[in-house]
Amino acid sequence: MGCCQSNRGGPGGGPGLVKREQQPPPDNKPQFIYAKDGGATGASANIECRACGAWQRKCNHCKARFCDTCAARSRSVPKSKVSVCDECFGEVDPSHIDVLAGEPFKPPRRNFVKGVHSAPSPEIQQSVDAYLSQATNGSNGHPKPSAVTEEYQYGYDLEHGGTSEAETVKPVAPTKAVERRSKPATLQVPKEYPTIMAAVTAAIPGDTIVVSPGTYRESVIIQKDISVLNHGKADTVVVESVSSPALAFKAIKAHVSNITFRQVGGEPDCCVEIRQGELHMEGCTVFAESNAAVSVHSFACPIIQKCNISGNTGTGLLFADRSEGCVSDCVITGHQMDGISITTGANPEVRNNQISDCNTSGIYVHSGGRGNIHDNVLEGMAIAGITVGADASPVVRGNTIHNAPRAKGVDVLDGGQGLFENNVITAMESGIIVRGGSNPTFRSNKISGNKKNGVHLYDEGHGLFEDNEVFNNGSSGVIIRVRGNPIFKNNKLHHNKFYGVHVYCNGMGLLEGNDIRDNDMDGILVKSGGNPTVTGNSIHDGKGNGVHVHDGGCGMFEGNDIVRNGGAGVKVGQGGDPTLRRNRISANHGHGVAVQDGGQALVEENRIESNAGSGVTVRTRGRPEVRGNVIAHSGAHGIYVYQGGEGSFIGNDISGSASGGISIAAESNVTISSNRIYDNAHRGITVAAGAKAELADNEERGNGS
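All values derive from a computational prediction rather than experimental measurement.

Analysis parameters
- Residues numbered from 1 in each chain as written.
- Predicted model: local features only at pLDDT ≥ 70, side-chain atom pairs only at ≥ 80, totals over all residues.
- Heavy atoms only, no water.
- Helix = DSSP H or I, 4+ residues; strand = E, 2+ residues; numbered from the N terminus.
- Buried < 20%, exposed > 50% of the residue type's maximum accessible area, 1.4 Å probe, protein only.
- Contact = heavy atoms within 4.5 Å.
- Salt bridge = Lys/Arg side-chain N within 4 Å of Asp/Glu carboxyl O.
- Pairing = 2+ DSSP bridges.
- Core = buried A, V, L, I, M, F, W, Y, C linked by side-chain atoms within 4.5 Å.
- Polar contact = N/O pair within 3.5 Å; in protein donor to acceptor, adjacent residues only side chain to side chain.

(A) View of the overall build of the protein. Assigned secondary structure in the protein consists of three helices and 73 strands. The burial tally for the protein puts 55% of its 705 residues in the buried class. A separation threshold of at least 6 residues defines the contact pool for the protein, and within that pool the share at least 24 residues apart is 42%.

(B) Representation of the pattern of salt bridges within the structure. Counted by the stated rule, this structure contains 23 salt bridges. Arg-351 serves as the salt-bridge partner of Glu-349, at 3.2 Å between the closest nitrogen and oxygen. Owing to a relative accessible area of 25%, Glu-349 belongs among the partly exposed residues under this scheme. Among the residues examined, Arg-351 registers a relative accessible area of 25% and is labelled partly exposed. A salt bridge links Lys-543 to Asp-520, with the shortest nitrogen-to-oxygen separation between them at 3.7 Å.

(C) Structural context of the pairing of strand β38 (residues 424-434). Across eight bridges, strand β36 (residues 400-412) lies against β38 in parallel orientation. Across the sheet, Thr-400 pairs through a bridge with Val-424, a residue of β38. Taken together, the three bridges between β38 and strand β40 (residues 446-448) define a ladder with parallel strand orientation. If you follow Thr-426 over to β40, its bridge partner there is Ser-448. Sheet analysis places β38 next to strand β41 (residues 455-457), joined by three bridges and oriented parallel. Opposite Val-434, over in β41, you have Leu-457 as the bridge partner.

(D) Just the nonpolar core, in detail. Of all hydrophobic cores here, the largest spans 120 residues; its most connected members are Ile-209, Phe-261, Val-294, Ile-363 and Ile-524. It is helix α3 (residues 196-202) that provides the largest number of residues to this core, a total of six residues. Filtering out sequence-adjacent residues up to four positions away, Ile-524 remains in contact with Val-501, Leu-511, Ile-516, Val-534, Ile-539, Gly-546, Val-547, His-548 and Phe-557.

(E) Summary view of the side chain of His-402. As for its placement among the helices and strands, His-402 is situated in strand β36. Overall, the relative accessible area of 17% leaves His-402 in the buried class. Among the polar contacts made by the side chain of His-402, one reaches the side chain of Glu-379 at a distance of 3.3 Å. Reaching out from His-402, the side chain makes a polar contact with the side chain of Asn-403 at a distance of 3.3 Å.

Just distances and angles here, no functional claims.
If you want it as structure tokens, here you go:
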């Protein structure tokens, strides 16, 4: 809509008024608009409307951007030749104002809302009345304007307030005339206003709109500080929209409670759209056939509390564009996509919610999203309880993620990060997945009862895992593969159906200070290029071997307690080549260290004692280097090399064995030097016929015959 541009002067060459027709109000009474003569249009420019993106006009006073659809209509101030929005209108001398053609004169308002008026201050009203009085009493030589302020007798029915099809604005007659007032009031729908939007249009900041039970087929736009509420249950008041969001919030602050919002059909992005400010939404139900039931954007900071957000064909709640806010005590269920999606710098608080039965993830944080996610229950998801994607870094504390046997508890991928503390992850397919270069921190979580693995890292997955308890999982407690390289410190890994830790396919990692016990197979299995660093752990009471390295596995094992395991303390098989240094390998039900089938190992400065079998055994083509160890109180030999075994045994202290100190079978090839061999039940050194043994500088004393 343009500004008036008449140059016809009044009597005496002074400014005059030009009468222009306007669309009549519903009672069909004639209505005229008066523009001050000598006006000039304000400065127009291709400026994007801050609400809808249309290229329209701006206010040169406050620089606000607006258009006729989304914001206040402009005013023209001839002396400065600028357009002035209604929010700035009160700061301008009314005698300088051109009233726009096609619209009656309105006092200034504080909100950029089409057809919505706030009462002017007394000072402004006095100036406005003085100006109008000149035209009314004929002192300026012009006829009386018949309906200059008559718009206060009717409201606007917008597309968002009474229709679901047209984008037009048309006058409707409310039951109650809009009053000039400055004090908040309570407006009744439909008793006083036929639609919610009609009441919103008539409201001033601070008003409360009470909606009676019924179905209201309209879209509601809130652009002022008001409350819209239903005193009954949410399902007694339904706002249903097709072509646009059922609720759009564009104000600084407002409160909506106990209302059901439904978006059915059409192609809007959401049912509830929050693009700015703080909307307190409580006790509401939201259902949508759109991309999101609730969409929060552009630094908005809503409070969404005790709501039921369910059955959406897309995502339940979307937080984007650095928005914040809080979602608490809600039921979020049955969505075709994620329950909650947090993206592009958004950082909401999500707490005490029940999130269930979504076809992807309960919560998906990605593309730089953050969030404080705590004390929620997530269950029944199809893909994951919580997924963290590219560059995302949420804080996730105190949640229960369970009861989805085909889904992952937490999936961190594509460089995701985040802090996960004190969560319970149980009865999922796998507890935690970390992949794609991700680097999260997991601390003090309980990961148990999952169908497969407790924790699975691969594809360069990293991360710090500290003080977690990983137990009773259907496969291994921890799997590290395909260049996974995490740090595990001070965790408890126990009672898993397979291995405590399984490292293979070029997996790496640091395992430090963990308690690895009572697993049904080996405490730690390393194979197929696995190369972990394992230091300061207690590996005990497992049903298999304490440590098993084979098939190209290697690794550094230093300073560990490897005790009371059902097999060997350490078993090295074909292609295995670990380094064992300064470990205590004790009281295992098999041998202390068993190297076989072409395996190799550096076994150095360990204390190998009180094992049920021999302290060290070497079988077919096994070839260890055994240096500087204490090998004591073995249930069989101190060292036993079976037929075809090889290796070097240098500088060891071998004592108290139930059989001989060192026994070498036929066809073996060994070097035995500088050992102290004493107090064994049988001979200190026995070399069978056909064995090749190089003996030098060994000390033998107190051994049996």
